[in-house]
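As a plain string of letters, each chain reads:
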Amino acid sequence: TEMSSHQIAHQLQDNIDQTQKVALDTKIPCEVIGCNKRIALDQWNEHCKWHEAQLQLEQNNLVLHQQIARLEEEKDATLDALQQKEKQAVLSQTTLRCKIIKNRSLQENSEDMHFRRCESQFMRSCKNLPAASNGRNKTITEIEYVFNPKLMKKFQAKKQAL
């Protein structure tokens, strides 16, 4: 049986359509490490775009983590000695005890701030005493600074709950 050129053209078109359908139904494994998906040809471009978006997110996260690390390093560089000790106490979950001695000159650090706060509180509380035991002739020369990270954490949690 001989086929007309018109029938041959139809047959070829049917074969092409069938081949395209088989090709579209064929799933190709994605070669991106860790993906393990098989992707249909008609979804390949979308899948590649998804991987590109994921890669961009990972790069953005890396940049953010680097910025955070740099900011933490800068912050640590500005901590004074007492603040460094407090940070170590928090990391090790141990109570910090240290003596702070009166300094004649004003210092711009946390030790001096704590000492002056204690001194001020002491002098305020002495105002209410009778004249004979008045604390005006008393001075503080040394304080013991105690920092308990576990107690501080509980305090912050309660404060947050209010």
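We now turn to the structure provided with this report. (Residues numbered from 1 in each chain as written. Predicted model: local features only at pLDDT ≥ 70, side-chain atom pairs only at ≥ 80, totals over all residues. Heavy atoms only, no water.)

**Some words on the overall build of the protein**
In terms of regular secondary structure, the protein is built from five helices and four strands. Overall, the protein shows an N-to-C arrangement of helices and strands of α-β-β-α-α-β-α-β-α. Here the contacts in the protein between residues at least 6 apart in sequence split such that 44% fall between residues at least 24 apart. Approximately 13800 Å² of the protein is accessible, and the part contributed by carbon and sulfur atoms is 54%. (Helix = DSSP H or I, 4+ residues; strand = E, 2+ residues; numbered from the N terminus. Contact = heavy atoms within 4.5 Å. Areas by Shrake-Rupley, 256 points an atom, 1.4 Å probe, with all protein chains shown as cover.)

**Considerations on the side chain of H51**
Mapped onto the elements of the fold, H51 is located in helix 2 (residues 44–77). With a relative accessible area of 16%, H51 lands in the buried category. (Buried < 20%, exposed > 50% of the residue type's maximum accessible area, 1.4 Å probe, protein only.)

**Regarding the packing of aromatic side chains**
Applying the stated criterion across every chain, the model contains zero aromatic pairs. Between K37 and the ring centre of W50, over which it is positioned, the NZ or CZ distance is 5.1 Å. (Phe/Tyr/Trp six-rings, centres within 6.5 Å; stacked < 30°, edge-to-face > 60°. Lys NZ or Arg CZ within 6 Å of the ring centre and 35° of its normal.)

**Observations concerning the pattern of salt bridges**
Inspection of every chain in the model, using the stated rule, returns five salt bridges. Of the charged contacts in the structure, one is a salt bridge between R97 and E144, with a shortest N-O distance of 3.4 Å. Placement of the pair is R97 in strand 3 (residues 96–101) and E144 in strand 4 (residues 142–147), with a sequence separation of 47 residues. We classify E144 as partly exposed; its relative accessible area is 49%. Note that D112 and R116 form a salt bridge whose closest N and O atoms lie 2.9 Å from each other. A residue pair is termed a helical-turn pair when its members lie 3 or 4 positions apart in one helix, as D112 and R116 do in helix 4 (residues 110–127) at four residues. (Salt bridge = Lys/Arg side-chain N within 4 Å of Asp/Glu carboxyl O.)

**A closer look at the packing of helix 3 (residues 81–92) against helix 4**
The interhelical angle for the contact between helix 3 and helix 4, taken along N-to-C directions, is 95°, at an axis separation of 7 Å. Of the possible angle classes, the one that applies to helix 3 and helix 4 is roughly perpendicular. Contact with helix 3, carried on its side by L82, Q83 and E86, involves S110, E111 and H114 of helix 4 and no other residues of that element. In the contact of helix 3 with helix 4, the residues fall into one nonpolar, three polar and two charged. (Axes fitted to C-alpha atoms, helices over the stretch in contact; angles between N-to-C directions. Parallel < 35°, antiparallel > 145°, perpendicular 65-115°, else oblique. Nonpolar A, V, L, I, M, F, W, Y, C, P; charged D, E, K, R; others polar.)

**Observations regarding the pairing of strand 3**
Across the two faces of strand 3 the burial differs, with L96, C98 and I100 buried and R97, K99 and I101 not buried at all. Pairing between strand 3 and strand 4: six bridges, direction antiparallel. Across the sheet, residue C98 finds its bridge partner in strand 4, namely Y145. (Pairing = 2+ DSSP bridges.)

**Quick look at helix 4**
The terminal C-alpha atoms of helix 4 lie 26 Å apart, and with 18 residues this matches the ideal 26 Å at 1.5 Å per residue to within 8%. Listed in full, the buried residues belonging to helix 4 are S110, D112, H114, F115, E119 and C126. In this fold, the buried residues of helix 4 make contact with helix 3, strand 3 and strand 4. The N-cap of helix 4, judged by a side-chain oxygen 3.3 Å from the amide nitrogen of E111 a few residues on, is N109. (Expected span 1.5 Å × (residues − 1). Polar contact = N/O pair within 3.5 Å; in protein donor to acceptor, adjacent residues only side chain to side chain.)

From the geometry alone we can't say anything about function, so treat these as descriptive.
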